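So you can see what is in the structure, the chains are spelled out below.
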Amino acid sequence: MIKRILTGDRPTGPLHLGHYVGSLQNRVRLQEEYDTYLLIADVQALTDNFEHPEKLEANIFEVALDYLAVGLDPDKVKIVVQSMVPELTELTIYFMNLVTTATLERNPTLKDEIKQRNFTKGLPVGFYTYPISQASDITIFKAHLVPVGEDQLPMIEQAREIVRRFNRMYDKVLIEPKALVGQVARLPGTDGGAKMSKSLGNCIYLGDSPEVVRKRVMSMYTDPTRLHPTDPGHVEGNPVFTYHDVFNPDKAEVEDLKERYRKGTVGDVEVKEKLFKALNVFLEPIRERRAHFASKPGHVREIIVEGTRMGRAVAQATMAEVRTAMKISYKLQG
């Protein structure tokens, strides 16, 4: 059987550096070896954006642009829009019978997401059950591997538990997926927060202009205990040096900066200037590819439509097996 990847993103805006190191980098690397499906999860995006559904269409296009910009090849990967594969909803409904509310309440990723969004009018059921929807996304494509950020590991474990229960109860038709965490488990935000997040406004986006990137880098959080450039500073836990380690290919320069920073012989401005230069070199080809595809919106839409068509064909085949396994493939038509 061909090895397959399923991964994706909620279309709540363009993607950022955290997405790149957490998952996109692995997707690009593995597209030669795996049959890859990239799900733009617009239904999941609605779970906390249901009051503004009109934003989704533009965001779907933005996410697709970022996929193409980082080097995902439309001849090798399939970009699929979640809401255009109704079989996903059917499988989600079946999976809901295999998961208890207590299991959902223990999910640490779900708890963090709920806390972050601060649902003042109560928790929508759609958001509460989105780990089940995500399990449906993964398993309907029979994915062997799911490239994710570290924060998504509990979600993959939830999917694995559902698959085990389904296969044990009905028949072994679903594949138990494995997670693949990026080279950097979690990229901190520019504000020093534990995670780069669109909702927290602490991101550097893949399509940001050099001017915007420079502004974000120069305002980055560093070592709060270092009051003067001549004070010895901390490198560990310092977001600026975390970014240097990830994005600056000149390792000798990075080690020199670290040594001088610890001794108090280099200022934050120089460290940040060199980070900006490294980031700009990294982002420039991504910007160029993004601009190229953005100038051909019709072609991008064709890529999305064809990817969705191919994705739905896989989903339909899986659901035929699921219904047969559950003994609900009724012979009611003449």
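Our subject is the structure listed above.
Residues numbered from 1 in each chain as written. Predicted model: local features only at pLDDT ≥ 70, side-chain atom pairs only at ≥ 80, totals over all residues. Heavy atoms only, no water.

So, about the overall build of the protein. Within the protein one finds 14 helices and 5 strands. Expressed as lengths along the three principal axes of its C-alpha atoms, the size of the protein is roughly 85 × 45 × 40 Å. Looking at the protein residue by residue over its 334 residues, the buried ones come to 51%. Residue pairs at least 24 apart in sequence account for 77% of intrachain contacts in the protein once pairs closer than 6 positions are excluded. For the protein, the distance from the average site of its 45 positive side-chain charges to the average site of its 45 negative ones is 4 Å. (Helix = DSSP H or I, 4+ residues; strand = E, 2+ residues; numbered from the N terminus. Buried < 20%, exposed > 50% of the residue type's maximum accessible area, 1.4 Å probe, protein only. Contact = heavy atoms within 4.5 Å. Lys, Arg positive; Asp, Glu negative; His and termini not counted. Charge placed at Lys NZ, Arg CZ, Asp CG, Glu CD.)

Our next topic: the packing of helix 8 (residues 130-140) against helix 9 (residues 153-169). At a minimum axis separation of 9 Å, helix 8 and helix 9 run at an interaxial angle of 70°. Comparing the axis directions of helix 8 and helix 9 gives the class roughly perpendicular. For the pair helix 8 and helix 9, the sense of crossing is right-handed. Here Tyr130, Pro131, Gln134, Ala135, Ile138 and Thr139 of helix 8 come into contact with helix 9, specifically with Met155, Ile156, Gln158, Ala159, Ile162 and Val163. Here the residues of the contact of helix 8 with helix 9 sort into 9 nonpolar, 3 polar and no charged. (Axes fitted to C-alpha atoms, helices over the stretch in contact; angles between N-to-C directions. Parallel < 35°, antiparallel > 145°, perpendicular 65-115°, else oblique. Left-handed = near helix turned anticlockwise from the far one by under 90°. Nonpolar A, V, L, I, M, F, W, Y, C, P; charged D, E, K, R; others polar.)

Nonpolar side chains in soluble globular proteins tend to be buried together. Residues Leu17, Tyr67, Leu206, Tyr243 and Leu279 are the most contacted members of the largest nonpolar core, which totals 49 residues. Aside from chain neighbours lying at most four places away, what touches leucine 206 is Leu15, His16, Leu17, Tyr20, Leu24, Asp66, Val70, Leu283, Ile286 and Arg287. In this structure, Leu88, Ile132, Val163 and Ile328 belong to the second largest nonpolar core, which totals 39 residues. (Core = buried A, V, L, I, M, F, W, Y, C linked by side-chain atoms within 4.5 Å.)

Before going further, it helps to examine the side chain of asparagine 167. One can find asparagine 167 in helix 9. For asparagine 167, a relative accessible area of 15% corresponds to the buried category. Within the local environment of asparagine 167, its side chain forms a polar contact with the backbone oxygen of leucine 174, the two atoms lying 2.8 Å apart. When sequence neighbours within four positions are dropped, the list of residues in contact with asparagine 167 reads Lys172, Val173 and Leu174. (Polar contact = N/O pair within 3.5 Å; in protein donor to acceptor, adjacent residues only side chain to side chain.)

Nothing here speaks to function; it is all geometry.
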